[in-house]
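Close look at the chain arrangement
So the chains spell out like this:
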Amino acid sequence: MTSPWVHRFALPVSILLLGLLALASLGIGDMRLGPARIIAGLLHRDDLAAIVLWNIRLPRMLVAMLVGAALAASGLVMQAYFRNSLASPGLLGVTSGGAAGAVVVIGLGWATTSIFILPVAAIIGALTATGAVVLLARRGASTERLLLAGVALNALLGAVTSYVLSNFTLTYERNAKILFWLLGGLEDRTWEHVVMASPIVVAAALLWPLGRPMDLLSLGADEAQSLGVDVKQLRRSLLALSTVLTALATSVAGTVGFVGLIVPHLLRLVVGPEHRRLVPLTLIGGAAFVLACDLVGRSTVGGLRVGIVTSLIGGPFFLWLLRRQA
Amino acid sequence: MATETSGVTALTVTNASVPGRLDNVSLSLTPGMLAGLVGPNGSGKSTLLQVAAGLLSSTGQVAWAGREIGEILVPERGLLASWVPQEARFEFGFSVRSVVAQGRFASGDDERGVDEALQMFDLAGLSHRPVNRLSGGERERVLLARAMVTGARLQLWDEPLAPLDPKHGLEVLKHARRVTRDGATLLLSLHDLRVAYCLDFVVVLHEGRLRAAGPPEAVLTPELLFEVFGVRAKQTAGLTLELP
């Protein structure tokens, strides 16, 4: 069991870590900025730094943090919902659902009409995928069942995406945009994307008080119901929140995999399984993780997209988890 | 023996049916009763307990202390009745203490009675252990302790004795006897007919139907045991554990 010392310092340490990563994210790039110039730039006292920060790095940093927090929290919720620590939006196909929704509206050329079209389409796609997983795993969400349902859904939704890519008469611009979703990235994120992703803050706030009932649910739905948790309503809220979180993240950054699996897992190892602690830590930890992955990607020669970095870390991590479970 | 203190029954199940599992079962327990639910595998014991706990919908009615459960909101249900599943499956490594403390969820998470319950079920030494690394019997005791700290006046336990060793089994029965003396009502399913013989009331299920209900000496006759379980029973002198 984890010690009270860890419990006391986990939150301040993670906030500090996130702050340092945020500073690095603002400072590192073609034009290196030290803390003093970052402050000067943010306050518009340094014109060049202000342009770089306000137009490029700040929106990118905020999108990275929102996406990371959303995907990690979504994974945490799905693990409690399915009582399975291997559940995550990517593996279950919810991310693919969001991406398929986004790709379809881009392919149809609707995405440019309003900034809300894309997130709404992603939410519809993700909800469809979530609905399918819930139906498939209604009774007994064993790891095998969940993962196989995920394999099937990912394949099916991948086919939808491929169909759009191959059969629609696409302009170069649309094609590039679709590829962007599929690869997952934070390049060229603007304030528009920050606005698109901002409901993540609301969803996270709604998730905050559900930590305690999630503890009970994660040990069994009937048991939780018997102890006074309105399981039906809780499950509905959790599914809606986790789906919306994944969809919003996907609509601004494409498919960024494994965040929902890695972050809750590592944090559970550090602070234990109690959701009142895990919910805030997962939000912060997810933001820090994606920010760190983006930093790694940006610092690599030639540049690696954030989705590639998370997958390079997540793939082996997932295999390690499977080995550990077996 | 339990005595009816008021006109109100602790648990009333009226004409409950669940397709393929339970067929028109009616049952009534008075406050302070320690009741046993027996029947062969697949006879509907777990189903009846889930129906009585309001976890499984059935045709028919269920009432706790005279109140129709459909009219009781879920959070209040957590205060009135507690159900313990047949098998405890824990995916996450919550500490024993935190799982027992979940029993106080409906009472504002005040942790009242948690330490006493840990002592009662011989869990004090395990209180910081993760529940997913416990043995089957230890997990069962965690669930029973959690049910006990709810303070619910109606306790519905599904085969609580099956995974326990004789000492812990007898202790659980002792605590069961104690809470019913304090006025709570307990219905537990079990397979050990010798234990059933020591309870206040026995309900016999067979193929989803209520076969008999009443004081054990009236119900558990050799004829009925042969008919329901297909076993021949006779009184013999043998090892007799001191039952509470």
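If you're wondering where the values come from, they're calculated on a predicted model, not measured in any experiment.

1. Focus: the overall build of chain B
- When helices and strands are counted, chain B shows nine helices and ten strands.
- Against the globule reference of 18 Å for 244 residues, chain B gives a C-alpha radius of gyration of 18 Å, in line with a compact fold.
- Residue burial in chain B is summarised as follows: out of 244 residues, 45% are buried.
- Considering only contacts within chain B whose residues lie at least 6 apart along the sequence, 69% involve residues at least 24 apart.

2. Things to note about the environment of Gly60(B)
Residues and elements named next belong to chain B.
- Mapped onto the elements, glycine 60 comes out in strand β4 (residues 59-64).
- Given 16 C-beta atoms within 10 Å, glycine 60 falls into the partly exposed group.
- Expressed as a C-alpha distance, the spacing of glycine 60 and alanine 10, which sit 50 residues apart in the sequence, is 17 Å.
- When neighbours within four sequence positions are excluded, glycine 60 is seen to be in contact with Val13, Thr14, Asn15, Ala16 and Ser17.

3. Quick notes on the interface of chain B and chain A
- Each partner contributes residues to the interface: chain B has 27 residues there, and chain A has 21 residues.
- Breaking the side of chain B that touches chain A down by element, the ones donating at least two residues are α2 (74-80), β6 (81-84) and α3 (96-101) of chain B.
- Take the side of chain B that touches chain A: its biggest share by element is five residues, from α2(B).
- Taken together, the residues of the side of chain B that touches chain A sort by class into 14 nonpolar, nine polar and four charged.

4. What to know about helix α13 (residues 259-271) of chain A
All names here are of chain A.
- The terminal C-alpha atoms of α13, which comprises 13 residues, lie 18 Å apart, in line with the 18 Å expected from a rise of 1.5 Å per residue.
- Looking at the buried side of α13, the elements it contacts are α3 (47-81), α14 (275-299) and α15 (306-325).
- Positive backbone phi, at 90°, marks glycine 272, one or two positions downstream of α13.

Quick notes on the rules
Residues numbered from 1 in each chain as written. Chains lettered and ligands numbered in written order. Predicted model: local features only at pLDDT ≥ 70, side-chain atom pairs only at ≥ 80, totals over all residues. Helix = DSSP H or I, 4+ residues; strand = E, 2+ residues; numbered from the N terminus. Rg over C-alpha atoms; globule rule 2.2 N^0.38 Å. Buried ≥ 20, exposed ≤ 12 C-beta atoms within 10 Å, placed from the backbone. Contact = placed C-beta atoms within 7 Å. Nonpolar A, V, L, I, M, F, W, Y, C, P; charged D, E, K, R; others polar. Expected span 1.5 Å × (residues − 1).

Scope: geometric values only; no functional claims are made or implied.
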